There are 4 protein chains.
Amino acid sequence: MSGSIYGNIFRISTWGESHGKGIGVVVDGCPAGLYLSEEMIQPYLDRRKPGETKYSTPRKESDTVEILSGTFEGRTTGTPISMIVYNKSQRSKDYSDIASYFRPGHADYTFDKKYGFRDYRGGGRSSGRETIARVAGGAIASLILKTIGIEVNAYTKSIGPVSIDYRKCAKENVSLSPLYMPDLEASAQAEDFLNNTMQNQDSAGGIVECIVSGMPVGIGETVFEKLDANLAKGIMSIGAVKGVEIGAGFQAASMLGSNNNDAFYLQNSQVLKKSNHSGGILGGLSDGSEIILRAAFKPTPSISKTQQTFNVMGENIDINIKGRHDPIIVPRAVVVVESMVSLTLVDMLFANMCTRMDKFTEFYR
Amino acid sequence: MSGSIYGNIFRISTWGESHGKGIGVVVDGCPAGLYLSEEMIQPYLDRRKPGETKYSTPRKESDTVEILSGTFEGRTTGTPISMIVYNKSQRSKDYSDIASYFRPGHADYTFDKKYGFRDYRGGGRSSGRETIARVAGGAIASLILKTIGIEVNAYTKSIGPVSIDYRKCAKENVSLSPLYMPDLEASAQAEDFLNNTMQNQDSAGGIVECIVSGMPVGIGETVFEKLDANLAKGIMSIGAVKGVEIGAGFQAASMLGSNNNDAFYLQNSQVLKKSNHSGGILGGLSDGSEIILRAAFKPTPSISKTQQTFNVMGENIDINIKGRHDPIIVPRAVVVVESMVSLTLVDMLFANMCTRMDKFTEFYR
Amino acid sequence: MSGSIYGNIFRISTWGESHGKGIGVVVDGCPAGLYLSEEMIQPYLDRRKPGETKYSTPRKESDTVEILSGTFEGRTTGTPISMIVYNKSQRSKDYSDIASYFRPGHADYTFDKKYGFRDYRGGGRSSGRETIARVAGGAIASLILKTIGIEVNAYTKSIGPVSIDYRKCAKENVSLSPLYMPDLEASAQAEDFLNNTMQNQDSAGGIVECIVSGMPVGIGETVFEKLDANLAKGIMSIGAVKGVEIGAGFQAASMLGSNNNDAFYLQNSQVLKKSNHSGGILGGLSDGSEIILRAAFKPTPSISKTQQTFNVMGENIDINIKGRHDPIIVPRAVVVVESMVSLTLVDMLFANMCTRMDKFTEFYR
Amino acid sequence: MSGSIYGNIFRISTWGESHGKGIGVVVDGCPAGLYLSEEMIQPYLDRRKPGETKYSTPRKESDTVEILSGTFEGRTTGTPISMIVYNKSQRSKDYSDIASYFRPGHADYTFDKKYGFRDYRGGGRSSGRETIARVAGGAIASLILKTIGIEVNAYTKSIGPVSIDYRKCAKENVSLSPLYMPDLEASAQAEDFLNNTMQNQDSAGGIVECIVSGMPVGIGETVFEKLDANLAKGIMSIGAVKGVEIGAGFQAASMLGSNNNDAFYLQNSQVLKKSNHSGGILGGLSDGSEIILRAAFKPTPSISKTQQTFNVMGENIDINIKGRHDPIIVPRAVVVVESMVSLTLVDMLFANMCTRMDKFTEFYR
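Heads up: these notes are all about the structure in this document. (Residues numbered from 1 in each chain as written. Chains lettered and ligands numbered in written order. Predicted model: local features only at pLDDT ≥ 70, side-chain atom pairs only at ≥ 80, totals over all residues. Heavy atoms only, no water.)

### Notes on the environment of B:T76
Piece 1. Along the polypeptide, B:T76 turns up in strand β6 (residues 75-76).
Piece 2. Residue B:T76 is classed as buried on the basis of its relative accessible area, which comes to 0%.
Piece 3. In this structure the C-alpha to C-alpha distance between B:T76 and B:A32, which are 44 residues apart in sequence, comes to 5.0 Å.
Piece 4. Those residues within four positions of B:T76 in sequence are excluded, and the remaining contacts are B:C30, B:P31, B:A32, B:G33, B:L34, B:L36, B:G70, B:T71, B:I81 and C:F117.
Piece 5. A distance of 2.7 Å separates the side chain of B:T76 from the backbone oxygen of B:P31, its partner in a polar contact. (Helix = DSSP H or I, 4+ residues; strand = E, 2+ residues; numbered from the N terminus. Buried < 20%, exposed > 50% of the residue type's maximum accessible area, 1.4 Å probe, protein only. Contact = heavy atoms within 4.5 Å. Polar contact = N/O pair within 3.5 Å; in protein donor to acceptor, adjacent residues only side chain to side chain.)

### A closer look at the side chain of A:S187
Piece 1. Mapped onto the elements of the fold, A:S187 is located in helix α4 (residues 184-199).
Piece 2. Overall, A:S187 belongs to the buried group, its relative accessible area being 2%.

### Some words on the pairing of strand β8 (residues 151-159) of chain C
Residues and elements named next belong to chain C.
Piece 1. Most of β8 is tucked away, with 7 of its 9 residues classed as buried.
Piece 2. Pairing of β8 with strand β10 (residues 206-213), which is carried by 8 bridges, proceeds in the antiparallel orientation. Following the sheet pairing, N153 is matched in β10 by I211.
Piece 3. Between β8 and strand β9 (residues 162-163), which pair antiparallel and follow one another directly, the connecting turn spans 2 residues, one of which, G160, has a positive phi of 50°. (Pairing = 2+ DSSP bridges.)

### Observations regarding the interface of chain C and chain B
Piece 1. Every contact between the two is made by 44 residues of chain C and, on the other side, 44 residues of chain B.
Piece 2. Contact with chain B buries surface across chain C, with C:W15, C:F72 and C:F117 losing the most and accounting together for 19% of the total.
Piece 3. Applying the counting rule to chain C against chain B returns 2 salt bridges.
Piece 4. Across the pair B:K21 and C:E66 runs a salt bridge whose closest N-O atoms are separated by 3.2 Å.
Piece 5. Linking chain C with chain B are 18 residue pairs in polar contact (both at pLDDT 80 or more).
Piece 6. Within the side of chain C that touches chain B, the residues separate by chemical class into 15 nonpolar, 17 polar and 12 charged. (Buried area = accessible area lost by both parts, 1.4 Å probe. Salt bridge = Lys/Arg side-chain N within 4 Å of Asp/Glu carboxyl O. Nonpolar A, V, L, I, M, F, W, Y, C, P; charged D, E, K, R; others polar.)

### Here's the deal with the relation of the copies chain C and chain B
Piece 1. Expressed as a screw transformation, the operator carrying chain C onto chain B has a rotation angle of 180° and an axial translation of 0.0 Å, and the superposed copies differ by an RMSD of 0.0 Å. Each copy turns onto its partner about a two-fold axis. In terms of C-alpha distance to the rotation axis, chain C has C:S13 as its closest residue, with the C-alpha 3.4 Å off the axis.
Piece 2. In this assembly, 100% of the residues forming the interface of chain C have copies in chain B that are likewise at the interface, indicating an isologous arrangement. (Least-squares fit on C-alpha atoms with pLDDT ≥ 70 in both.)

### Let's talk about helix α1 (residues 38-48) of chain D
Residue and element names in this part refer to chain D.
Piece 1. Turning to α1, its buried residues are I41, Q42, Y44, L45 and R48. Relative to the axis of α1, the buried residues are bounded by an arc of 165° and lie together on one face.
Piece 2. On its buried face, α1 is in contact with β4 (65-67), β7 (81-86), α3 (131-146) and α7 (330-352). (Arc of directions from axis to C-beta.)

### Focus on helix α4 (residues 184-199) of chain D
Residue and element names in this part refer to chain D.
Piece 1. Its 16 residues give α4 an end-to-end C-alpha distance of 23 Å, which sits within 8% of 22 Å, the value for a rise of 1.5 Å per residue.
Piece 2. In this fold, the buried residues of α4 make contact with β8 (151-159) and β9 (162-163).
Piece 3. Q201 occupies a position one or two residues after α4 and carries a positive phi of about 55°. (Expected span 1.5 Å × (residues − 1).)

### Observations regarding the interface of chain C and chain D
Buried accessible area, meaning the area lost when the parts come together, often serves as the stated size of an interface.
Piece 1. Counting residues at the interface gives 108 residues for chain C and 108 residues for chain D.
Piece 2. Buried surface at the junction of chain C and chain D, both sides included, amounts to about 8,500 Å², of which 62% is carbon and sulfur.
Piece 3. Considering only the surface of chain C that becomes buried against chain D, C:M1, C:K114 and C:F224 emerge as the three largest contributors, covering 11% of it.
Piece 4. Our count for the chain C to chain D interface comes out at 4 salt bridges.
Piece 5. A salt bridge links D:K233 to C:E225; the shortest N-O distance between them is 3.0 Å.
Piece 6. On the surface where chain C and chain D come into contact, there are 51 residue pairs in polar contact (both at pLDDT 80 or more).
Piece 7. For the side of chain C that touches chain D, the class distribution of residues is 47 nonpolar, 39 polar and 22 charged.

### What about the sheet that holds strand β11 (residues 241-246) of chain C?
Piece 1. If you walk across this open sheet you meet the 10 strands as β9(C)-β8(C)-β10(C)-β16(C)-β11(C)-β11(D)-β16(D)-β10(D)-β8(D)-β9(D), and the pairing is antiparallel. The outermost strands of the open sheet, each flanked by one partner alone, are β9 of chain C together with β9 of chain D.
Piece 2. As defined by bridge partners, β11(C) adjoins strand β16 (residues 291-297) of chain C across 5 bridges and the pair is classed as antiparallel. Within β16(C), the residue paired with C:V244 across the bridge is C:A295.

### Considerations on the packing of helix α1 (residues 38-48) of chain B against helix α7 (residues 330-352) of chain B
All names here are of chain B.
Piece 1. Contact geometry of α1 with α7 gives a least axis separation of 7 Å together with a crossing angle of 140°. With respect to each other, α1 and α7 are oriented oblique. Touching Y44, R47 and R48 of α1 are R332, V334, V335 and E338, all from α7.
Piece 2. Among the residues forming the contact of α1 with α7, the class breakdown is 3 nonpolar, no polar and 4 charged. (Axes fitted to C-alpha atoms, helices over the stretch in contact; angles between N-to-C directions. Parallel < 35°, antiparallel > 145°, perpendicular 65-115°, else oblique.)

### A few points about the pattern of salt bridges
Piece 1. What the rule picks out here adds up to 88 salt bridges over all chains.
Piece 2. The partner of D:D108 in a salt bridge is D:R118, and the shortest N-O contact between them spans 3.7 Å. With D:D108 in helix α2 (residues 108-115) and D:R118 in the loop between α2 and α3, the pair connects residues that are 10 residues apart, well separated along the chain. The pair D:D108 / D:R118 is uniform in exposure class, with both members buried.
Piece 3. Within the structure, one salt-bridge network assembled from shared partners comprises A:R103, A:D108, A:D112 and A:R118.

### Quick word on the relation of the copies chain C and chain D
Piece 1. Structural alignment of chain C on chain D gives an RMSD of 0.0 Å, achieved by rotating through 180° and translating 0.0 Å along the axis.
Piece 2. When the interface residues of chain C are mapped onto chain D, 100% of them again fall at the interface, so both copies present the same face.

### Examining the sheet that holds strand β2 (residues 11-16) of chain C
Residue and element names in this part refer to chain C.
Piece 1. Strand order in the open sheet formed by 5 strands is β1-β2-β3-β7-β4, with antiparallel pairing between adjacent strands. Of all strands in the sheet, those with a lone pairing partner are β1 (5-6) and β4 (65-67), marking the two edges.
Piece 2. Across the sheet, helix α1 (residues 38-48) touches β4 and β7 (81-86), and the angle it forms with β4 is around 150°.

### Things to note about unusual backbone geometry
Piece 1. Although it is not a glycine, A:Q201 sits at a positive phi angle of roughly 55°.
Piece 2. Within the secondary structure, A:Q201 sits in the loop between α4 and β10 (206-213).
Piece 3. Phi at C:V223 takes a positive value of approximately 70°, unusual for a residue other than glycine.
Piece 4. The buried category is assigned to C:V223, whose relative accessible area is 3%.

### Points about the packing of helix α5 (residues 227-236) of chain A against helix α5 (residues 227-236) of chain B
Piece 1. Viewed as axis vectors pointing N to C, α5(A) and α5(B) meet at an angle of 160°, and their least axial separation amounts to 7 Å. It follows that α5(A) is roughly antiparallel to α5(B) by the angle criterion. In this structure, α5(A) crosses over α5(B), and the sense of that crossing is right-handed. Listed contacts from α5(B) to A:D228, A:A229, A:N230, A:A232, A:K233 and A:M236 of α5(A) are B:D228, B:A229, B:N230, B:A232, B:K233 and B:M236. (Left-handed = near helix turned anticlockwise from the far one by under 90°.)

If you want it as structure tokens, here you go:
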């Protein structure tokens with residue numbers, strides 16, 4: 001079944017494998033009149049580009065985006081926007097031996113059983129390069145959000161044992177850290193931890209936190225299409241994510257109602273909350289506070305350390321995975337998390353436009 | 001926009017408010033030939049029925065399900081199955097004062113802003129009674145799963161500070177605990193904790209864990225329709241859920257790749273794993289191990305303790321919520337979690353039937 | 001697969017069989033704030049009710065609609081509206097013999113082969129009673145359209161050999177004709193034709209034309225979600241419809257471009273067309289003219305005349321179908337056509353609200 | 001809203017404008033294991049290529065397809081197949097004047113009103129070149145159908161006043177006629193008619209008939225997702241189509257039940273019908289006979305003859321459209337009709353795999 005399409009009203013359709021000709025996305029349902037150019041999308045892609053620091057795979061890719069359709073004289077026309085990023089640096093031979101066995105923590109075995117065979121070159125469709133399409137599509141979503149003052153910002157909250165408190169950091173430090181961790185002291189500690197991990201031929205995981213400011217109240221649909229439900233799906237669909245939480249998240253489970261409830265109050269006719277354990281979402285609808293969510297990423301499954309598995313001959317074997325791998329996926333995943341959040345928000349903002357008769361009659365007056 | 005429909009191939013459409021005539025669900029896409037009767041569905045509903053223990057609202061409801069369509073001579077016909085549970089015990093006057101203010105932790109404010117007004121009686125559509133429809137639909141999904149040996153079992157993993165390890169409990173103890181917590185000693189402790197909480201006019205939260213056994217390998221679709229992505233959406237769409245995790249979940253974020261990867265091995269031609277940090281899902285596809293997921297529930301927002309909020313007159317006020325409320329939602333939510341998991345699995349099992357040419361040609365041979 | 005759900009943003013989910021407990025529909029995605037009561041829906045259902053004239057089945061049904069959810073204090077709340085019409089007059093014994101054979105022109109054989117068996121009582125789910133749900137849902141759509149001045153009116157254009165020209169009739173005559181044919185002279189001729197047909201134990205078909213006035217320009221989405229494409233699906237999904245055409249329709253195939261093109265002109269700053277061969281739709285989008293479409297209905301397949309078929313024993317047999325049948329479906333289908341058109345238009349009007357950045361930023365300003 | 005995605009389980013997402021960089025399609029949901037290469041798709045595209053005869057636009061395009069993803073070692077992998085056809089022969093200056101006015105019969109006016117402006121170069125997204133994506137996607141659908149013996153064949157049934165009876169022609173003559181009209185005598189007459197039409201600076205329309213053989217019984221879903229309903233949508237979504245009919249179609253409206261019903265009979269245990277007025281579809285499900293449908297195409301709206309319209313200055317003006325246009329769209333549309341039929345059939349064949357418990361348990365045994 002179709003699995004590479006995301007969204008209902010604002011939809012992206014993605015394609016491409018690690019070692020195919022490229023990675024691409026078709027954005028269908030983008031409204032007409034958005035100023036758009038490749039220059040506006042490229043910075044988002046640059047943030048997930050490999051080879052930027054020693055904590056990402058040394059595979060060199062420029063990952064330059066090209067817009068193939070959907071714009072005219074610098075603006076979107078309301079028709080599908082097709083974007084492509086060509087693969088440049090596929091070294092297929094690096095991956096030739098993994099055709100014969102099933103890497104632990106990877107999708108090799110499940111793909112093989114599902115489809116009968118697999119494109120084993122660099123993980124094929126289950127490669128992290130697939131996220132290029134999410135980021136290119138997410139960039140457009142982000143540009144749409146900015147027109148109404150919504151900002152989506154993610155950062156590295158933890159790497160291995162090193163964790164930070166965003167409230168105590170200068171937001172702009174994010175770009176100063178090679179790990180997108182705005183507490184620069186902690187970032188340095190995390191670097192030490194990663195250097196050590198790499199020396200041990202091992203890999204690490206971490207947590208990305210995403211904060212959305214400027215949300216109107218009431219976005220999300222009730223029951224199954226709740227805002228948090230859709231955010232959870234979007235985030236969990238990113239490879240390597242094993243957990244998602246909103247606001248107080250798993251901590252809420254051990255709180256009391258009197259602590260967890262966010263008291264409302266009015267100040268200068270504005271509705272405010274004394275805390276934000278809800279993470280900006282009540283009853284599946286945005287409540288006007290910042291949306292706060294966290295995604296837990298498992299360690300990169302590709303490690304050089306010896307591992308046990310079985311091969312296509314039906315033998316139990318020991319393997320050492322070679323090739324160019326990220327010791328940690330988290331820093332490059334920061335922009336991917338932002339992308340999935342932005343794509344989800346735009347879709348739900350449009351859905352919300354269709355929920356009131358007074359707005360409907362005003363629109364068609 | 002439409003928010004009360006769930007699924008793609010196997011779909012449920014739900015309706016009903018706390019104080020309306022009833023709660024219902026239409027199951028569309030149920031295959032023909034499933035043995036089905038009201039007696040087979042009722043036990044699922046009985047598990048979420050209020051008034052069973054002192055830890056749930058004393059509102060008395062029989063919550064008896066009636067099948068209105070879709071079966072013939074004891075079997076499903078392939079056409080929509082409409083089910084209804086009539087509301088019996090609506091005491092609207094209990095809720096009359098909440099029309100005037102916005103309860104913290106509830107959807108009152110967000111509904112009002114979204115729709116311009118709200119059905120304030122008992123929470124209207126955002127009431128927990130909405131989950132009746134999920135459970136009735138989920139019961140059918142569960143019956144479908146059983147035909148191929150898939151079992152979905154959830155239980156209360158934690159309540160407030162009391163947490164248990166399922167691996168050390170006898171599974172059948174679940175039904176012996178009024179809290180659906182199979183470690184009976186811990187269950188008693190949790191009861192003490194809840195009694196104390198209730199005396200303090202407060203409420204508690206907790207964690208539900210769900211375990212799926214008997215899954216074939218390869219279920220789930222790649223990229224956006226991953227099995228875990230859809231499970232996350234289904235679970236997060238349950239009111240009061242603030243977090244979802246699969247397998248090692250948030251703990252995976254602080255593990256090393258060498259610990260987190262589950263080593264594969266062959267035993268008597270069977271593919272096994274030495275651990276199950278993946279929670280039964282690799283690359284978004286089931287890997288043949290047990291699926292393990294956890295949902296974090298916040299404390300019930302309705303508490304009798306004094307709280308701060310504002311009212312429709314634009315005044316900051318103190319409130320004490322009266323009425324019949326659950327001091328904790330978790331035990332009654334256990335079957336709701338099972339239901340969302342079952343609904344999601346059935347939908348994805350059908351999706352998986354359409355992914356291979358050899359299966360297609362065999363089907364139409 | 002799910003087949004009983006219609007629409008994307010404004011969705012209906014229908015259920016029910018001819019001889020089950022009732023027929024129902026859940027309308028999901030209806031905006032909040034629409035004034036709605038059973039009295040506003042009933043007149044639509046009364047127009048398709050059986051037993052009103054001698055040209056419809058004498059089965060007596062009051063077909064009274066009951067609203068079960070989704071309204072509060074006389075207005076819709078934005079949550080699902082569940083409606084039910086109970087079956088009163090099921091005489092199962094009338095249908096007992098049709099269990100043993102496959103009626104020509106009916107879905108008996110195809111249902112049996114698809115599902116392995118069928119609910120043979122009165123056609124089960126493929127009975128014309130299924131359209132009750134379309135009409136109840138369509139009534140709500142119609143009420144929504146009226147708030148912005150859109151009127152959807154259908155009538156009987158032809159019955160057997162008798163055909164009329166709507167432009168030459170008084171519109172209000174529709175309700176004076178038992179056949180919903182506004183040319184009363186032709187209507188009387190059609191009655192004669194039908195009387196004759198009934199005496200011959202035969203049945204007749206006809207054409208329904210539907211005219212939509214008050215449409216804004218630009219409704220419909222490009223490429224696959226064109227307005228005419230969705231109208232064609234909605235209309236063709238009505239049982240017994242074998243053809244759909246828009247504007248000049250099949251006649252356009254034999255016209256020249258110079259005749260078929262509708263010349264534009266401006267009059268008092270209004271864009272007008274000198275003709276309307278387009279039927280109000282250009283490039284899949286409404287052009288501001290009246291939308292004109294026609295649906296061809298085949299004769300009722302149930303006839304008393306002797307017919308050839310085979311039975312479940314594998315024998316070729318002659319049959320005479322007994323029971324209460326419409327000699328023609330067309331007059332009762334008029335409101336069903338209107339319903340499908342209204343449902344489609346509302347869905348596309350909402351879709352159109354999400355297609356321009358300027359509208360988006362204005363909405364969220 | 002998203003309008004360029006078609007299908008539910010087997011989905012295509014299309015993009016591209018007449019004068020952009022190219023036209024493309026992403027096929028999502030294609031099963032793994034289909035043998036596929038560019039050489040297998042190209043013949044389908046060649047049949048709609050312009051410049052092949054004097055009855056199509058002299059614009060010269062090779063329209064060569066390139067596969068960018070989704071295959072590995074000559075077979076599909078179950079992941080999205082992205083295909084692109086680059087535009088080579090855009091002569092933008094030809095179209096520069098049409099920016100200032102609204103062509104009758106075209107989507108200029110409706111696009112402009114919907115989106116606020118339009119890509120006026122060659123019709124932008126509403127250009128007939130959009131159908132390249134349908135044909136490339138349809139080719140894959142067609143290859144899937146062939147694996148189970150389903151053949152989809154369309155031909156030109158009428159052009160202007162010249163109409164043929166397919167039953168009296170040799171099927172293989174289709175490819176001998178420059179107009180895809182298998183009655184070669186009639187084809188010659190139609191050529192005369194077209195030559196005359198072209199001399200008069202005018203254009204013509206016609207009818208395409210499509211015949212599907214080898215269909216299993218029971219394909220299609222009941223109520224709204226009927227096979228004929230989806231075929232009608234697919235066909236009507238093709239630009240210039242104004243009518244669709246199945247089997248006896250509009251003629252059925254004037255038949256009697258006793259004539260229109262197709263008598264069933266058994267011959268050597270095979271279920272056969274004495275006629276095929278149903279066009280192979282009963283109750284929305286395939287009945288095992290040939291599926292027969294017809295699409296009515298209006299004349300090409302671009303004609304050199306003087307026409308009346310208005311311009312962006314708000315003036316009523318006379319225009320003569322210059323540039324390279326097809327005097328008739330029908331012959332090139334034959335393969336487009338086949339494509340939409342094939343895409344629809346594949347999607348519904350997959351849907352049908354999910355409708356019976358016995359098939360489900362067999363699949364997962």
